[in-house]
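The primary structure of each chain is shown beneath.
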Amino acid sequence: NAGVTQTPKFRVLKTGQSMTLLCAQDMNHEYMYWYRQDPGMGLRLIHYSVGEGTTAKGEVPDGYNVSRLKKQNFLLGLESAAPSQTSVYFCASTSAGPDGYGYTFGSGTRLTVV
Amino acid sequence: LAKTTQPISMDSYEGQEVNITCSHNNIATNDYITWYQQFPSQGPRFIIQGYKTKVTNEVASLFIPADRKSSTLSLPRVSLSDTAVYYCLVGPRGTGRRALTFGSGTRLQVQP
């Protein structure tokens, strides 16, 4: 099915370890986003991209890096994981066109840092 | 970007109609109003979008008054499966869409 695919779905990291979360979309969307959601909270924007090769900071970018080398992929990296980064991470994408379909979200990556 | 305010939580019973209101006093001329639904352990999903008056689809209705400073999501005859968090977002479409922020949403609990 067309949509947004996130890998991995679950991960446990030790403090100080690094990892990369992968987001892939097959809808030819221009815009892609990484959000984090802590328990009982809303989504907070980490980084986003408005096109291949471009990225921008969101509300909570510290401790994360991103890359968008291909239009369909958006990678989120944690260089040195901290317990405060324990969260559920959602990737989303949307079109830059005038359609009204809004964001398409992935199913999330549940990350625990111990 | 227009700031939105919506109730933190609401309770209802199966079969009732639920109306969730969102305030967006500083909505811009080119802003649209979009509602998303999020079930536990899932990403939000698009429910409905509108610009003015009333929009209806198979899931919900969206009522927008003439001044567009608020909007109401209406869920007819809710069931237990409608228990979720509902987010109201306001912003432009197309190239202006860029990065919209999600607030804490409204947590709807439907009881049997």
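Above this text is the structure in question.
Procedures and definitions
Residues numbered from 1 in each chain as written. Chains lettered and ligands numbered in written order. Predicted model: local features only at pLDDT ≥ 70, side-chain atom pairs only at ≥ 80, totals over all residues. Heavy atoms only, no water. Helix = DSSP H or I, 4+ residues; strand = E, 2+ residues; numbered from the N terminus. Rg over C-alpha atoms; globule rule 2.2 N^0.38 Å. Contact = heavy atoms within 4.5 Å. Disulfide = S-S within 2.5 Å. Buried < 20%, exposed > 50% of the residue type's maximum accessible area, 1.4 Å probe, protein only. Buried area = accessible area lost by both parts, 1.4 Å probe. Salt bridge = Lys/Arg side-chain N within 4 Å of Asp/Glu carboxyl O. Nonpolar A, V, L, I, M, F, W, Y, C, P; charged D, E, K, R; others polar. Pairing = 2+ DSSP bridges. Axes fitted to C-alpha atoms, helices over the stretch in contact; angles between N-to-C directions. Phe/Tyr/Trp six-rings, centres within 6.5 Å; stacked < 30°, edge-to-face > 60°.

### Considerations on the overall build of chain B
So, point 1. Helices and strands together make up the secondary structure of chain B, namely 0 helices and 9 strands.
So, point 2. What you see in chain B, going N to C, is helices and strands ordered as β-β-β-β-β-β-β-β-β.
So, point 3. A compact globule built from 112 residues should have a C-alpha radius of gyration of about 13 Å, and chain B, at 13 Å, falls within 12% of that.
So, point 4. For chain B, the spread of C-alpha atoms along the principal axes amounts to about 40 × 30 × 25 Å.
So, point 5. Taking all contacts inside chain B whose residues are at least 6 apart in sequence as the whole, residues at least 24 apart take part in 56%.

### What to know about the state of the cysteines
Residue and element names in this part refer to chain A.
So, point 1. Going through the model one piece at a time under the given rule, you end up with 2 disulfides over all chains.
So, point 2. Note that C23 is cross-linked by a disulfide to C91, the S-S spacing being 1.8 Å. Looking down the S-S bond of the C23 and C91 bridge, the torsion is -75 degrees, so its handedness is left-handed. Taken together, the residues span a long stretch of sequence, with C23 in strand β3 (residues 19-25) and C91 in strand β9 (residues 87-94) at a distance of 68 residues.
So, point 3. We classify C91 as buried; its relative accessible area is 0%.

### With respect to the interface of chain A and chain B
How large an interface is tends to be reported as the accessible area lost when its parts come together.
So, point 1. Each partner contributes residues to the interface: chain A has 27 residues there, and chain B has 22 residues.
So, point 2. The junction of chain A with chain B conceals about 1,800 Å² of combined surface from both sides, 51% of it contributed by carbon and sulfur atoms.
So, point 3. Applying the counting rule to chain A against chain B returns 0 salt bridges.
So, point 4. For the side of chain A that touches chain B, the elements supplying multiple residues, two or more each, are β4 (31-37), β5 (43-51) and β9 of chain A.
So, point 5. Looking at side-chain class alone, the side of chain A that touches chain B contains 14 nonpolar, 10 polar and 3 charged residues.

### Remarks on the sheet that holds strand β1 (residues 4-7) of chain A
All names here are of chain A.
So, point 1. The strand order β1-β3-β8-β7 describes an open sheet built from 4 strands, whose pairing is antiparallel. Among the strands making up the open sheet, the edge pair consists of β1 and β7 (64-67). For this sheet the average axis-to-axis angle between neighbouring strands, irrespective of direction, equals 20 degrees.
So, point 2. Pairing between β1 and β3: 4 bridges, direction antiparallel. Paired with V4 across the two strands is Q25, which belongs to β3.

### Quick word on the pairing of β7(A)
Residues and elements named next belong to chain A.
So, point 1. Of the two faces of β7, only the one carrying Y64 and V66 is buried; N65 and S67 on the other face are not.
So, point 2. Here β7 runs beside strand β8 (residues 73-78); their pairing, made up of 4 bridges, is antiparallel. Counted as the bridge partner of V66 is L76 from β8.
So, point 3. Here β7 hands over to β8 after 5 residues, the two strands then running antiparallel side by side.

### Focus on unusual backbone geometry
So, point 1. The omega torsion of the bond from T7(A) to P8(A) falls at -10 degrees, within 30 degrees of zero and hence cis.
So, point 2. Note that P8(A) resides in the loop between β1 and β2 (10-13).
So, point 3. A positive phi is found at T53(B), a non-glycine position, where the angle reads about 60 degrees.
So, point 4. Mapped onto the elements of the fold, T53(B) is located in strand β5 (residues 53-56).
So, point 5. With relative accessibility at 52%, the residue T53(B) sits in the exposed group.

### Description of the packing of aromatic side chains
So, point 1. What the rule picks out here adds up to 14 aromatic pairs over all chains.
So, point 2. Seen from their ring centres, Y33(A) and Y103(A) are 4.8 Å apart, and the 55 degrees between their planes marks the pair as tilted. Placement of the pair is Y33(A) in strand β4 and Y103(A) in the loop between β9 and β10 (104-105), with a sequence separation of 70 residues. Comparing Y33(A) with Y103(A), the two get one shared label, buried.
So, point 3. Ring centres of Y103(A) and F102(B) lie 6.0 Å apart, and the angle between their planes is 65 degrees; on these two criteria the pair is classed as edge-to-face. Remark: F102(B) occurs in the loop between β8 (84-92) and β9 (106-111) and Y103(A) occurs in the loop between β9 and β10; the pair is interchain, linking two chains. For the residue pair Y103(A) and F102(B), the accessibility class agrees, reading buried in each case.

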